[in-house]
Amino acid sequence: MELKWDVPVFRPWIPSKLPSLPLLLMLVLSLCLFSPTQCLDLDPDDKSSLLCFNSSVQDPNRSLATWVGSNWTGISCENRTGRVVSVNLANMNLSGKVLPCLCNLSFLEYLDLSGNNFNGTIPTCFGSLASLKTIDLSHNSFSGVLPDNITRLGQLRELVLNGNRQLGGDLPWWIGNFSSNLEKLDLSSNSFNGEMPDSLFHLKSLRHLDLGDNYISGNVHEFYQSLEFLGLASNKLFGTLPCFSASTKSLTVLTLANNSLVGGIPTCIASLEALAHLNLSFNHLSYGISPRLVFTEKLLVLDLSFNDLSGPLPGKIAEATEKSGLVLLDLSHNRFSGKIPLKITELKSLQALFLSHNLLTGEIPARIGNLTYLQVVDLSYNSLSGSIPLDIVGCFQLLALILNNNNLSGEIQPELDALDSLKILDVSHNKISGEIPLTLAGLKSLEVVDLSSNNLSGTLNDAITKWLNLKYLSLAHNKFSGNLPSWLFTFEAIQVIDFSGNKFSGFIPDGNFNISFRSNNGNSVRDPKVPFISVKSIEIKVSAMVIDTSELSFTFKVSSMVGIDLSDNLLRGEIPNVLFEVEGLEYLNLSYNYLDGQLPSLEKMWNLRALDLSHNSLSGQIPGNISTLKDLILLNLSYNSFSGSVPVNQGYRRFPGAFTGNPDLCVESSGEGCERGSPPAEPGKTFEEVEGPILVWVFCVSAFVSFYLGVVGLFCSARARSYILQKKV
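Keep in mind that this is a model prediction, so the values were computed, not measured.

(A) Layout of helix H2 (residues 44-54). Of all the residues in H2, the buried ones are Asp46, Ser49, Leu50, Phe53 and Asn54. For H2, the buried positions fall inside an angular range of 135° around the axis, keeping them on one side. Exposed side of H2, more than 90 degrees from the buried face: Pro44 and Asp45 are the residues found there. Looking at the buried side of H2, the elements it contacts are strand E3 (57-58), strand E4 (75-78), strand E5 (84-88) and strand E8 (117-121). The distance from a side-chain oxygen at the start of H2 to the backbone nitrogen of aspartate 45 is 3.0 Å, and the residue carrying that oxygen is aspartate 43.

So, in structure tokens, the structure goes:
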């Protein structure tokens, strides 16, 4: 999950009695004389310094082309003297080195070069800018270490250097004691290492500290100032979780995700009265959660996922009112057991609930329908039983219903069509029976549908044709039967169709394929070393933006793999030629059917990565040269009736065993003439037993298209495996 959030602080102006007219005139006059303005009469020395700085800057957008006359973009001056007090060149697509001549702006108080591509080291002369109160060099390409001269900036209030991946070295020992005015220190997403100096724990002025996504090690200590934001995620910190007692009334955001913290979660954490975001995911926290650990209604996001927490789910984890309380709760990937407590259904503000990969039992509470703001629910990989509660239609804003890998039974209720905003429906790997209700035609927003590995039966009805936005459809390993419909390949956005392991009969539809299959809209450059099976997952990203009121926005993307799997059915007849003209197709599995006829040329399938046509009755000659199919890594044409010869120079040599079980086929070998395809070693042998370890991959890939849902966590870096955090305050 990728979580983006903003918490701007608004301080509204409250009018009081109007001052007297002379006082008002004096106030206006002072503002005109002393407040920074656009530079109408720029000091000549400062003008020369700016032009010197500009001489080394690459400016493709010509943002600084206006630096002539009185139009100085991003520059503010003190009106009376014309001296530059502010340089704000953020997000202008500038690059190059920062020349020392910028340090001649001796009255400079505010410097913001963020969001550009400046490189090289941070100039040591910045230490001579004694009036500086803010330095923001974030999201550039600065490298090297933090210059010691910064210790001379005793007036500095904000030092923001995050997002310069080549900037690092040991965290300077002086970082916590060079300015008694420092309020914000952001060194996140860099390459700093070492331990945090003691001075950092005692800097009384500090309110915002973010050292996340570095290589900082050592114990997590208590901080002795009133912090509002503490970000230490994605480091090498260890030890147990402190209470942060000095920040009881102030701490709003606390993230320690992706470290090596151990022990339990102390109940004193719930004493943080202002806490809105807490992320302790991807650690080694253990034990149960105390019933006394109850957060205030101000907590919006709680992420304890990917730990070793056990015991029953907490009956009450946070206070809640009708209009405030948790927006996102993630307790997934732990060892929680027992039933889902009814108290969770009282979190009326909840918009995302993740309890997957635990040991939960019992039924899904019917009262889950009370969560009318719920958009995402993931209860997958548990041992839940019973049926899908009909009351879930009360979650009328639901976008993702993920219940796979449980013991759910019963039928898919026709009333689920009330969830007309639903984009993801995954109930795979359960014991659900019956047919797909015709009423589900109302779910027109569906993009991902996985009903695989259940006991569903019947024929394909036209309800599916109404899912116009469909990208992924898997009905694999059920008991569906009947002919494949003519509309099967006509979905405009489809990338994956998996109907393997059913009893479909008749012919493969011979019709026009949609633009998604043809153009391979997810095509991208891939690392050939990555196993093919790894590109078959579906990645889910959820983003939440919290501003004044809580609001969760939901996004996801399907992996770039494009494929069709109709294996292990009762299909017969010839393979339509058009199927081998789909240029965007990466994966095609038609194995274990009764298909016959000849194999068309493969040379137009430029993106093909895996082809399995084994265990059919295909005949005739093997198509010519496939050396143009550079991405093809898995090929299986075994156990058919192919004949003729396969010349050694046609590119098939890199697929050993691909022609086993074709006794009339001559496979030329280098310098040794022809080898006949050997018959099956033993009738009834399974695919992987016959073909060996290489084609076990083919079997795994062809058996079903695995649907892995990447679950959501907060405040973790790009190095936090499945979690990515981008945060703004």
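(B) A look at the environment of valine 87. When you line up the elements, valine 87 lands in strand E5. Judged by its relative accessible area of 0%, valine 87 is buried. Taking the C-alpha atoms as reference points, valine 87 and leucine 108, separated by 21 residues in sequence, lie 7.7 Å from one another. In contact with valine 87, other than residues within four places in its own chain, are Gly74, Ile75, Leu105, Leu108, Tyr110, Leu111 and Asp112.

(C) Focus on the pairing of strand E36 (residues 479-483). The sheet contact formed by strand E34 (residues 455-458) and E36 spans 2 bridges and is parallel. In the strand pairing of E36, serine 457 is matched with lysine 479.

(D) Just the sheet that holds strand E18 (residues 236-239), in detail. With mixed pairing, the 9 strands of this open sheet are ordered in space as E3-E6-E8-E10-E12-E14-E16-E18-E20. The open sheet is flanked by E3 and strand E20 (260-261), the only strands paired with a single partner. Pairing between strand E12 (residues 166-170) and strand E14 (residues 191-195): 3 bridges, direction parallel. Paired with glycine 169 across the bridge in E14 is phenylalanine 192.

(E) Just the state of the cysteines, in detail. The final tally for this structure, using the stated rule, is 3 disulfides. Across the disulfide, cysteine 103 is cross-linked to cysteine 125 (sulfur-sulfur distance 1.9 Å). Taking the sign of the S-S torsion, about 60° here, the bridge from cysteine 103 to cysteine 125 comes out right-handed. Pair noted here: cysteine 103 is in the loop between strand E6 (95-97) and strand E7 (110-112) and cysteine 125 is in the loop between E8 and strand E9 (134-136), with a separation of 22 residues, a long-range link. Shown here is the disulfide that connects cysteine 243 with cysteine 268, its sulfur atoms set 1.9 Å apart. An S-S torsion of about -80° defines the bridge between cysteine 243 and cysteine 268 as left-handed. Of the two residues, cysteine 243 is situated in the loop between E18 and strand E19 (253-255) and cysteine 268 in the loop between E20 and strand E21 (277-279); the sequence distance between them amounts to 25 residues.

(F) A look at the pairing of E5. Of all the 5 residues making up E5, 4 are buried; the element is thus mostly covered by neighbouring parts of the structure. Of the strand pairs in this sheet, E4 and E5 are connected by 3 bridges, and their pairing is antiparallel. Looking at E5, one finds that cysteine 77 is bridged to valine 84. The turn linking E4 back onto E5 is made up of 5 residues, and glycine 82 within it adopts a positive phi angle of 75°. By the bridge criterion, 3 bridges tie E5 to E7 in an arrangement that is parallel. Bridging from a neighbouring strand, serine 86 pairs with tyrosine 110 of E7.

(G) Structural view of the packing of aromatic side chains. Applying the stated criterion across every chain yields a total of 9 aromatic pairs. Ring centres 6.1 Å apart and planes at 80° place the aromatic pair tryptophan 487 and phenylalanine 491 in the edge-to-face group. Residue classification places phenylalanine 491 among the buried positions, given a relative accessible area of 6%. Pairwise contacts between aromatic rings join Phe480, Phe499 and Phe504 into one cluster. Its guanidinium or amino end placed over the ring of phenylalanine 507, arginine 572 lies 4.5 Å from that ring's centre, counting from NZ or CZ.

(H) Structural detail: empty space enclosed by the protein. Overall, the coordinates contain 3 cavities of 30 Å³ or more when judged by the stated rule. When its volume is computed, the largest cavity comes out at roughly 50 Å³. Surrounding the largest cavity, Ile340, Ile344, Thr345, Leu353, Leu355, Pro365, Ile368, Leu371 and Leu379 form its lining. Class assignment of the residues belonging to the lining of the largest cavity gives a composition of 8 nonpolar, 1 polar and no charged.

(I) Representation of the confidence of the model for the protein chain. Taken over all residues, the pLDDT of the protein chain has a mean of 84, while the share at 70 or more is 81%. Predicted confidence for residues 521-536 stays below pLDDT 50, and this span has 32 contacts to residues more than four positions away or in other chains. Here residues 680-729 scores under 50 on pLDDT; set against residues more than four positions off or in separate chains, the count is 175 contacts.

(J) Here's a closer look at the pattern of salt bridges. In total, this model carries 9 salt bridges according to the counting rule given. For arginine 165, the salt bridge is made with aspartate 213, and the minimal N-O distance between the two is 2.6 Å. Of the two residues, arginine 165 sits in the loop between strand E11 (158-160) and E12 while aspartate 213 sits in the loop between strand E15 (208-210) and strand E16 (215-219), which places them 48 residues apart along the sequence. Judged by its relative accessible area of 7%, aspartate 213 is buried. Of the charged contacts, one joins glutamate 346 and arginine 367 as a salt bridge, the two residues approaching to 3.5 Å between their closest N and O atoms. In this pair, glutamate 346 is assigned in the loop between strand E26 (335-338) and strand E27 (352-354) and arginine 367 in the loop between strand E28 (359-360) and strand E29 (376-378), connecting sequence segments 21 residues apart. Among the residues examined, arginine 367 registers a relative accessible area of 37% and is labelled partly exposed. Taken together, the shared-partner salt bridges connect Asp43, Asp46 and Arg83 into one network.

(K) Looking closely at unusual backbone geometry. In the Ramachandran plot, histidine 139 falls in the positive-phi region, its phi being about 55° despite a non-glycine side chain. Mapped onto the secondary structure, histidine 139 falls in the loop between E9 and strand E10 (141-144). Look at histidine 139 and you get partly exposed, because its relative accessible area is 46%. Positive phi outside glycine occurs at tyrosine 287, with the angle close to 70°. Looking at the element boundaries, tyrosine 287 is found in strand E22 (residues 286-287). Since its relative accessible area comes to 58%, tyrosine 287 is described here as exposed.

What counts, and at which threshold
- Residues numbered from 1 in each chain as written.
- Predicted model: local features only at pLDDT ≥ 70, side-chain atom pairs only at ≥ 80, totals over all residues.
- Heavy atoms only, no water.
- Buried < 20%, exposed > 50% of the residue type's maximum accessible area, 1.4 Å probe, protein only.
- Helix = DSSP H or I, 4+ residues; strand = E, 2+ residues; numbered from the N terminus.
- Arc of directions from axis to C-beta.
- Contact = heavy atoms within 4.5 Å.
- Polar contact = N/O pair within 3.5 Å; in protein donor to acceptor, adjacent residues only side chain to side chain.
- Pairing = 2+ DSSP bridges.
- Disulfide = S-S within 2.5 Å.
- Phe/Tyr/Trp six-rings, centres within 6.5 Å; stacked < 30°, edge-to-face > 60°.
- Lys NZ or Arg CZ within 6 Å of the ring centre and 35° of its normal.
- 1 Å grid on protein atoms, 1.4 Å probe; cavity = no way out; pocket = protein on both sides within 12 Å on 5 of 7 lines; lining within 4 Å.
- Points joined across faces, edges and corners; volume = space filled by probe spheres on them.
- Nonpolar A, V, L, I, M, F, W, Y, C, P; charged D, E, K, R; others polar.
- pLDDT = per-residue confidence, 0-100.
- Salt bridge = Lys/Arg side-chain N within 4 Å of Asp/Glu carboxyl O.

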